Amino acid sequence: IIDLNKTLPRFHRALNFIAHMAYNNSVILFVCHNLQHRYIAEKCALSCNEFCYTEPWRSGLFTDPQVLHGNLPDLVVLLSLQGKNPIELTGCLTDCFKMSIPTVGVCDSNFDPRWLTYCI
């Protein structure tokens, strides 16, 4: 059972952080591996002039200079984490951790919140 009294403060903290990053014109990358949510994730990213990555994660995307094209994002927002095992997201989360990129995600009760910087 999810306690909304605990969820709401986490939501406000994450929202405040995202708003701060957006206000400072930071680069925000939305990551969505769920095929059903791909279109809405891309549409959301385009509506706020940000970027979206919906392909399977390529190892070293942030850390390998031969793979990296352009600048690193300042924030990664992970979408569709419901039912996901952190092992499936290890590449993305590891790259973010190595490059000190904060992460935000809405987690299900079976997801370990320690994997994210801001877990809702």
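Residues numbered from 1 in each chain as written. Predicted model: local features only at pLDDT ≥ 70, side-chain atom pairs only at ≥ 80, totals over all residues. Heavy atoms only, no water.

**Focus on unusual backbone geometry**
Alright, step 1. The backbone of Asn 49 sits at a positive phi, close to 55°, despite the residue not being glycine.
Alright, step 2. Using a relative accessible area of 67% as the deciding quantity, one classes Asn 49 as exposed. (Buried < 20%, exposed > 50% of the residue type's maximum accessible area, 1.4 Å probe, protein only.)

**Digging into the pairing of strand S1 (residues 28-32)**
Alright, step 1. Burial of S1 is extensive: 5 of the 5 residues sit out of reach of the surface.
Alright, step 2. The side-chain alternation of S1 yields two buried faces, one formed by Ile 28, Phe 30 and Cys 32 and the other by Leu 29 and Val 31.
Alright, step 3. For S1 and strand S3 (residues 75-79), the ladder comprises 5 bridges, and the chain directions are parallel. Residue pairing in the sheet places Cys 32 in a bridge with Leu 79 of S3.
Alright, step 4. Across 3 bridges, the pairing between S1 and strand S2 (residues 51-53) is parallel. Of the residues in S2, the one forming a bridge with Phe 30 is Cys 52. (Helix = DSSP H or I, 4+ residues; strand = E, 2+ residues; numbered from the N terminus. Pairing = 2+ DSSP bridges.)

**What about a nonpolar patch on the surface?**
Alright, step 1. There is a patch of nonpolar side chains on the surface, built from Leu 8, Phe 11 and Leu 15 and spanning about 280 Å² of accessible area.
Alright, step 2. Of note, Leu 8 is situated in helix H1 (residues 4-23). (Patch = residues over 30% accessible without salt bridge, like charges linked within 9 Å, V, L, I, M, F, W, Y side chains within 5 Å. Areas by Shrake-Rupley, 256 points an atom, 1.4 Å probe, with all protein chains shown as cover. Salt bridge = Lys/Arg side-chain N within 4 Å of Asp/Glu carboxyl O.)

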